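Examination of the molecular architecture
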Amino acid sequence: DLGKAITKYTEKREKTNLEPSGILELESINEKFQYMTQKLDETEKANKKFQSDRQLMLASISHDLKTPITVIQGYSKAIVDKVITGEEIIKKSQLIYDKSCYLNELVDNFTEFSKLDHTNFKYDFKDIDIAEFVRNYIAIKYDELESKNIDLNIDIPETKIIKKIDTQQFNRVLNNIVNNALKYGGNNISIKIQVDNDKIAIFNSGKAIEETNYSQLFKPFVKGDLSRNEGGSGLGLAIVRKIIQDHGFTINIVSNKDSYYKTGFI
Ligand SMILES: Nc1ncnc2c1ncn2[C@@H]1O[C@H](COP(=O)(O)OP(=O)(O)OP(=O)(O)O)[C@@H](O)[C@H]1O
Ligand SMILES: [Mg+2]
């Protein structure tokens, strides 16, 4: 009947050809009509939210790109116009180069973030020994950690801990978290990496995060006070959470009184 047809259209946008069949249906039609308008309202609301999220995202991206571009433009123009000369040229060129690396990193993050969101993106899950995987990650990162004088504490068992993971994406997870530890770890940075059967925990020194902020930090483009001067897209943890959830694992931040951060996932 007409009532069913309305429901079908409201839920699945499927059209039904109907013969009218009298006044008895009016009550049910009224009910279904209310349902339909409610659904349409919800859709419209979701659409509006999507639009404003997207606008916010674009504004945020342009803002992040603008600052390094301004620096690059300013210094390169000054070099071309010979306002900057001699030794200064080398110094400013290094700055230009650093800023361009930073831009590259930002663009990589944006690309990665939107790639993960795309329906066509497929993970390559394989049975992997997490203990060995984390050890390998640290081995590759070791030079960088050593050059920065990081006090590193590693607690990884010799036994195998097999989990189904996409190694490339999981590498990104570890790297984003460890890079945060390096960025927000304070002056004398210490990092502890612990692996056991049900979690990987990464602790770092530094100022404690307020508990009210924990879930906010996983949202795209959210940057805390600490990163105000550090730069960054605010996408690091959003990417981490997406990957972790797509694996069926969980992630949380714990920041306790002895001012160590723990980001653990199962
Ligand atoms: N280990 C940590 N210790 C203290 N604060 C942290 C830590 N990790 C993240 N945060 C806070 O969470 C915010 C969000 O982190 P996230 O990695 O998503 O973005 P970002 O580091 O600012 O930028 P990006 O990672 O894209 O370069 C940071 O700006 C910082 O304030
Ligand atoms: Mg980060």
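Basis of the calculations
- Residues numbered from 1 in each chain as written.
- Chains lettered and ligands numbered in written order.
- Predicted model: local features only at pLDDT ≥ 70, side-chain atom pairs only at ≥ 80, totals over all residues.
- Heavy atoms only, no water.
- Domains from an automatic or database assignment.
- Contact = heavy atoms within 4.5 Å.
- Buried area = accessible area lost by both parts, 1.4 Å probe.
- Salt bridge = Lys/Arg side-chain N within 4 Å of Asp/Glu carboxyl O.
- Polar contact = N/O pair within 3.5 Å; in protein donor to acceptor, adjacent residues only side chain to side chain.
- Core = buried A, V, L, I, M, F, W, Y, C linked by side-chain atoms within 4.5 Å.
- Buried < 20%, exposed > 50% of the residue type's maximum accessible area, 1.4 Å probe, protein only.
- Helix = DSSP H or I, 4+ residues; strand = E, 2+ residues; numbered from the N terminus.

Details of the domain arrangement of the chain
The assigned domain composition of the chain is domain 1 (1-121) and domain 2 (126-265). One C-alpha centre belongs to domain 1, the other to domain 2, and the line joining them spans 27 Å. Between domain 1 and domain 2, the contact holds 13 residues from the first and 13 residues from the second. Taking both partners together, domain 1 and domain 2 bury about 1,100 Å²; carbon and sulfur atoms supply 67% of that area. Together, Glu112, Phe113 and Leu116 form the three largest contributors to the area buried by domain 1 at its contact with domain 2, with a combined 44%. Put simply, domain 1 and domain 2 have 2 salt bridges between them. The salt bridge partner of Lys223 is Asp64, with a shortest N-O separation of 3.0 Å. Summed over the shared surface of domain 1 and domain 2, the result is 2 residue pairs in polar contact (both at pLDDT 80 or more).

Some remarks on the nonpolar core
Of all hydrophobic cores here, the largest spans 46 residues; its most connected members are Ile130, Val134, Phe170, Ile191 and Ile202. Of all elements in the fold, only α3 (87-117), α4 (130-147), α5 (167-184), β4 (190-196), β5 (199-204), α6 (236-246) and β6 (251-255) reach the threshold of two or more residues within this core. Both domain 1 (1-121) and domain 2 (126-265) contribute no fewer than three residues apiece to this core.

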